[in-house]
Amino acid sequence: MSLTAIEVVKSSNTDCGFLDQIERLDSSLKNEYESYMHIDHMLNRKIVSFQGNKDIPFYRWYKYKEGFSAQLVDYHIRRHGIDITKSVLDPFAGSGATLFGATDLGVDAIGIELLPIGQHIIKTRELLTNFSSSDFERLFLWKDTKPWIEHQGQRDFTVLKITDGAYPEENITLIKKYLSCMQNENHYVKSVLLLALFCILESISFTRKDGQYLRWDQRSGRCLGAIPFDKGEILQFNTAIVEKLSEILSDSKGKNSYSLFDTFDSTSKKGKITLIDGSCLNQLPYINKNTVDLVITSPPYCNRYDYTRTYALELAMLGIDEKGLLALRQEMLSCTVENREKDLFAINPEWIHVLSICKNHELLQKIFDYLHTKKEEKTLNNNGIPRMIKGYFYEMACVIFELHRILTSGGRVVMVNDNVRYAGASISVDLILSDIAAKIGFQIEEIAVLPIGKGNSSQQMGIHGREPLRKCVYIWRKK
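Residues numbered from 1 in each chain as written. Predicted model: local features only at pLDDT ≥ 70, side-chain atom pairs only at ≥ 80, totals over all residues. Heavy atoms only, no water.

Caption draft 1: Molecular detail of the pattern of salt bridges. Following the criterion strictly, the structure yields 27 salt bridges and no others. Residue Arg60 is joined to Asp251 by a salt bridge in which the shortest nitrogen-to-oxygen separation is 2.6 Å. Of this pair, Arg60 sits in the loop between β1 (37–39) and α2 (70–80) while Asp251 sits in helix α8 (residues 237–253), and the two are 191 residues apart along the sequence. Accessibility expressed as a relative area gives 23% for Arg60, which makes it partly exposed. When the shortest N-O distance is used, the salt bridge between Arg78 and Asp74 registers 2.9 Å. Of the two residues, Arg78 and Asp74 are both situated in helix α2; the distance of four residues between them amounts to about one turn of the helix. For Asp74, a relative accessible area of 12% corresponds to the buried category. (Salt bridge = Lys/Arg side-chain N within 4 Å of Asp/Glu carboxyl O. Helix = DSSP H or I, 4+ residues; strand = E, 2+ residues; numbered from the N terminus. Buried < 20%, exposed > 50% of the residue type's maximum accessible area, 1.4 Å probe, protein only.)

Spelled out as structure tokens, the structure:
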């Protein structure tokens, strides 16, 4: 039912009132933390994203778009002090940039990761450090002789609704032969062969990772939009897998075996990695207090991106079925509209204090009120947005509380995050999370802003105009 002219005017007046109040509260918070905010010209999108890893041995194997660069990790560990940093934590470990960046500098690292694809990447890179000569010989044999081509068997892989029809038929056959053939190898070799497969899935498919979902090439015959999408060349399986195995072997056995940066001493003792499988909301409370010196992380952004969809090809190949996919989606930090509200008090009754900080946060509650009003007016493009944003901040507050508990005195959090905008309301994630951190007990040291902000979505620009959004690196210190 369309709104009447009177209802439109009332809605517009209500919006202006809410947005004015949100802007006023946001300005007040910005004034409070303005002395900590500065443009950091060392930062750019290459440094705070996967782009910085594209040419770095080991890190370049798998395109983990939500990650950040090894250079950022190296910089902040050295800045914090290698001599005084005994333990580094990343509660959103992803593909392990923090973990491997720390251990390459001789620092022990703890990572928590929910998605099985991230877990497999980290565990397999660790396995490579214990490879025997015969294990490497098997990988060279696979690269040079392509044993799967003549292999008679085929091993099926899981197909999800959102991955059905993802590959050309020729590539499907070769994937199945490859999966079957590798069952004859030992655990070490099999893990690397599977990792190599994960690294090429996007390039040999009709899909491209595109924010909230997989974008489908017009040649797939699936879900074509108004404007046909052509992703360009779709690689043939044999070509892609041989190139990836060559890259892995070059980095693992060649001159790049240890070097990330010229300043790294390859004779130094490497640190140890401890990987914890699961959600950091569930796992952080089990880490002992005052045991971590530095946290370097990038949580999911409050931008509706659903990683269970983005990484659906890899998750399906790992055997995750529809039920498993839904379970993973609900375990994630609330960052997508399908996340249901979590009972945080049931997870940890000690979070009652930090939850009260959120409930009494004037700017945060005003944003919630505004979005609920837009939901009632049926003017949001998805009714799950208010629930998602509330869940995001409440859950992040609990994560911050736990980080403060487990850090040693003087320990720091380095966090990469984005601001967002919904229904015309700019949400200063940097200021709100920093304010919550300060109320928990952190000293805000720095909110480093990238020189070039990120534009809001095309839908938002069409309605509200273009407004660059800050992307920042927050640095908080435990007093």
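Caption draft 2: Looking closely at the sheet that holds strand β8 (residues 407–418). Ordered in space as β1-β11-β12-β8-β7-β2-β3-β6, the eight strands form an open sheet in which the pairing is mixed. Strands at the two margins of the open sheet, each flanked by one partner only, are β1 and β6 (273–277). On average, each strand axis in the sheet is inclined to that of its neighbour by 15°, with strand direction left out of account. Sheet topology note: the strand β11 (residues 442–449)/strand β12 (residues 471–478) ladder contains seven bridges and is antiparallel. Its bridge partner lying in β12, Glu446 is registered against Ile475. This element, α2, spans β2 (87–90), β7 (292–297), β8, β11 and β12 of the sheet and lies at about 155° to β7. Its contacts with the sheet put helix α16 (residues 385–406) on β2, β7, β8, β11 and β12, and the angle it makes with β8 is roughly 150°. (Pairing = 2+ DSSP bridges. Axes fitted to C-alpha atoms, helices over the stretch in contact; angles between N-to-C directions. Contact = heavy atoms within 4.5 Å.)

Caption draft 3: Layout of the packing of aromatic side chains. Per the counting criterion, the structure on display carries 17 aromatic pairs. Here the aromatic rings of Tyr64 and Tyr311 are separated by 5.4 Å at their centres, their planes lie at 20°, and the arrangement is stacked. Here Tyr64, found in the loop between β1 and α2, pairs with Tyr311, found in the loop between α10 (307–310) and α11 (312–317); they are 247 residues apart in sequence, far enough to count as distant. For the residue pair Tyr64 and Tyr311, the accessibility class agrees, reading buried in each case. A ring pair is formed by Phe442 and Trp476, whose centres lie 5.8 Å apart and whose planes are at 45°; its orientation type is tilted. (Phe/Tyr/Trp six-rings, centres within 6.5 Å; stacked < 30°, edge-to-face > 60°.)

Caption draft 4: View of the environment of Met396. Within the fold, Met396 resides in helix α16. Residues within four places of Met396 in sequence aside, it is in contact with Phe92, Pro299, Leu333, Met415 and Leu433.

Caption draft 5: Just a positive patch on the surface, in detail. On the surface, Lys46, Lys54, Lys63, Lys65 and Arg208 cluster together into a patch of positive charge. Tracing the backbone through its elements, the reader meets Lys54 in the loop between β1 and α2. Taking the relative accessible area as the measure of exposure, Lys54 reaches 45% and is therefore partly exposed. (Patch = residues over 30% accessible without salt bridge, like charges linked within 9 Å, V, L, I, M, F, W, Y side chains within 5 Å. Areas by Shrake-Rupley, 256 points an atom, 1.4 Å probe, with all protein chains shown as cover. Lys, Arg positive; Asp, Glu negative; His and termini not counted. Charge placed at Lys NZ, Arg CZ, Asp CG, Glu CD.)

Caption draft 6: A look at the packing of helix α7 (residues 187–200) against α8. Here α7 crosses α8 at 120°, and the two axes come no closer than 9 Å. The orientation of α7 with respect to α8, classified from their angle, is oblique. Of the two elements, α7 crosses α8, and the hand of that crossing is right-handed. On α8, the residues that touch Val192, Leu193, Ala196, Leu197, Cys199 and Ile200 of α7 are Phe237, Ala240, Ile241, Lys244, Leu245 and Ile248. Of the residues in the contact of α7 with α8, the class split is 11 nonpolar, no polar and one charged. (Parallel < 35°, antiparallel > 145°, perpendicular 65-115°, else oblique. Left-handed = near helix turned anticlockwise from the far one by under 90°. Nonpolar A, V, L, I, M, F, W, Y, C, P; charged D, E, K, R; others polar.)

Caption draft 7: How the structure looks around the packing of helix α6 (residues 169–181) against α7. Here α6 crosses α7 at 165°, and the two axes come no closer than 10 Å. Considering the angle they form, α6 stands roughly antiparallel to α7. The hand of the α6/α7 crossing is left-handed. Where α6 abuts α7, its residues Ile175, Tyr178 and Leu179 lie against Leu193, Leu194, Ala196 and Leu197. In terms of residue class, the contact of α6 with α7 is built from seven nonpolar, no polar and no charged.

Caption draft 8: Just unusual backbone geometry, in detail. Not every positive phi belongs to a glycine, and Arg304 is a case in point at roughly 75°. Structurally, the position occupied by Arg304 is in the loop between β7 and α10. Classification of Arg304 as buried rests on a relative accessible area of 16%. A positive phi angle, close to 60°, is found at Lys378, a residue other than glycine. By secondary structure assignment, the location of Lys378 is in the loop between α15 (362–376) and α16. Judged by relative accessible area, which is 71%, Lys378 ranks as exposed.

Don't take any of this as a statement about function, it's just geometry.
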